[in-house]
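The primary structure of each chain is shown beneath.
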Amino acid sequence: MESNHGQSTHHMRSIKLWPPSQTTRQVLVDRIVKNLTTPSILSRKYGLLTKEEAEEDAKQIESAAFSAANQHFEKQPDTDGSSTVQVYAKESSKLMVEAVKRGPRPKDDREMIPDLLPDHEFVFDISSGRGAFIEAEEAKELLKPLKEPGNKYTKICFSNRSFGLPAAHVATAVLSGLKNQLTEVDLSDFVYRRPEPEAVEVMRMFAAALEGCELVYLNLSNNSLGERGVRAFGDLLKSQENLVELYLMNAGISEEAAKALRELLPSLKKLKVLHFHNNVIGDGGAIAISEIVKASPSLEDFRCSLARIGSVGGTALSEALATCTLLKKLDIRDNKFGNEAGIALSRTLSNLANLTELHLGHLNLHDEATIAIADALKTSSSPIEALEIAGNAITSAATPPIAACIAAKQDSLTKLNLSENELRDSGAEVIGRAVEEAEFGRLMMVDVSSNKVGGDGARALAKAVAGKPGFRLLNINGNSISNKGIEEVREILKNSPRILGPLDANDPNGEDGDEN
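If you're wondering where the values come from, they're calculated on a predicted model, not measured in any experiment. (Residues numbered from 1 in each chain as written. Predicted model: local features only at pLDDT ≥ 70, side-chain atom pairs only at ≥ 80, totals over all residues. Heavy atoms only, no water.)

A.B. asks: Lay out the packing of helix 13 (residues 255-264) against helix 14 (residues 282-294) with the relevant residues and their values.
C.D. replies: Helix 14 packs onto helix 13 with a crossing angle of 20° between their chain directions and a minimal axis gap of 8 Å. As the angle between them shows, helix 13 and helix 14 are arranged roughly parallel. For the crossing formed where helix 13 meets helix 14, the hand is left-handed. On helix 14, the residues touching E255, A258, K259, L261 and R262 of helix 13 are G284, G285, A288, I289, E291 and I292. Its residues assigned to classes, the contact of helix 13 with helix 14 comprises five nonpolar, two polar and four charged. (Axes fitted to C-alpha atoms, helices over the stretch in contact; angles between N-to-C directions. Helix = DSSP H or I, 4+ residues; strand = E, 2+ residues; numbered from the N terminus. Parallel < 35°, antiparallel > 145°, perpendicular 65-115°, else oblique. Left-handed = near helix turned anticlockwise from the far one by under 90°. Contact = heavy atoms within 4.5 Å. Nonpolar A, V, L, I, M, F, W, Y, C, P; charged D, E, K, R; others polar.)

A.B. asks: Describe the packing of aromatic side chains, listing the residues and the values that go with them.
C.D. replies: Aromatic ring pairs are defined here through the distance separating the ring centres and the angle between the ring planes. Under the counting rule described, the total for this entry stands at ten aromatic pairs. Seen from their ring centres, F124 and F158 are 6.5 Å apart, and the 75° between their planes marks the pair as edge-to-face. Linking F124 in strand 1 (residues 123-125) with F158 in the loop between strand 3 (155-157) and strand 4 (162-163), this pair joins segments that are 34 residues apart in sequence. Across the pair, exposure class does not vary: F124 and F158 are buried alike. Between the aromatic rings of Y217 and Y247, the centroid separation amounts to 5.4 Å while the plane-to-plane angle is 50°, which identifies the pairing as tilted. (Phe/Tyr/Trp six-rings, centres within 6.5 Å; stacked < 30°, edge-to-face > 60°. Buried < 20%, exposed > 50% of the residue type's maximum accessible area, 1.4 Å probe, protein only.)

A.B. asks: Outline the pattern of salt bridges, listing residues and values.
C.D. replies: What the rule picks out here adds up to 21 salt bridges. Taking the shortest distance from any N to any O, the salt bridge between E196 and R228 comes out at 3.5 Å. With E196 in helix 10 (residues 196-210) and R228 in helix 11 (residues 226-232), the pair connects residues that are 32 residues apart, well separated along the chain. E196 gets classed as partly exposed once you look at its relative accessible area, which sits at 45%. For R228, a relative accessible area of 47% translates into the label partly exposed. As a salt-bridge pair, R459 and E488 come within 2.4 Å of each other at their nearest N and O atoms. In this pair, R459 sits in helix 20 (residues 455-465) while E488 sits in helix 21 (residues 483-492), placing the two residues 29 residues apart along the sequence. The class of E488 is partly exposed, set by a relative accessible area of 26%. Through salt bridges with shared partners, a single ionic network connects R303, D331, R333 and E388. (Salt bridge = Lys/Arg side-chain N within 4 Å of Asp/Glu carboxyl O.)

Here's what the structure looks like:
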């Protein structure tokens, strides 16, 4: 709502809102960092930025927004600056959304975020509302633009608004008239705190209204679907042969729900993205999902993390992924694969020539499976950028194969995460030598935190990354490095002190490392 207060009194005119103080500008930078690193509707689709990436992007965004606002202010310097502040806010918001959409990909250069084509004409999004129950009258008002003749909306997002039956009747009547134009639908968290019978009926109504849409994107995350919910969406799911992206994260996908999905989904020849993070899938559900994976030959991005999958399900899933030769991103962390499933996975990884991201944290792999995986990656032609094998009880015995793998991927590797293992000094030194000797062109982050590393290992890692162009973060927190060892590390990195991560969880009096 516009205000004329700035023109009405001398007192108000005397308050200059522009330019902002340096403190105010830093507050905006901090806020942007928080937004870029907090899970959201967009980050579910495009991935979540790391804190380091967010901090760099936030400074660029604020600087670009300030520049644009300053140009605006110079054209009308006699005002109080309120309209300039609005330009500053809008520009930073726009650039922030673009940064999220660009996702956590390593940037080959440091150019400003490119302007994307405006898509407000095509996107109808009510997810930024109150995040509360939506009643029929509010739904009628909110959805009016969807009823306008000739509207061009192809994407709808009803996320974070809880629909009961009255509001669902309003919404589905509107959506039925858009079947021929909708291509992307986000219904994540859209029956929040509704009783199960009502929630299931609302799901069935939306599915019936949208049946026949040729969708490329469908997000049903953050709904407690279970088998009943999946079957409520049955008519919609069965009709989707052109899906490119399907998201079912934190969606109550149990073994029975996974089996229902396998039964209802058609052969997804075009599917590229399939995400199941944070469900109770179990081994039986993983076997059902492996059948879906086999029917998705174009899959490029598969996530089935934190899903309670053990050895049997992990083996089935690993073998199924061998058919997905175009796979670029694989995230199966926080399951209990164990040795047998880990070795099955290594056989699959040998044949995946396009992998750029591999997240295998907390899979209970231990040394034998880790060595098999490292050997497989070393001999494959996959251009791995991000490799995570955190929390797998890996000892120094597995580090020579990991080191050989790292050296083989020196042209592509940007992030290496070996945190929460048991490498100690001897293992850290092997990794350090591999990093130091290889001609890394893009390495940005090495994480060997919580690995029982002492001063010798810390020094080896610091020497390895010192002077590497573009390197951003060495994380050796949570170890047992003496105060003298920390001083030596800081001395090694004195020309680039910012790359050393925090050491607040380090125990200088600990007894780790490689003591006799």
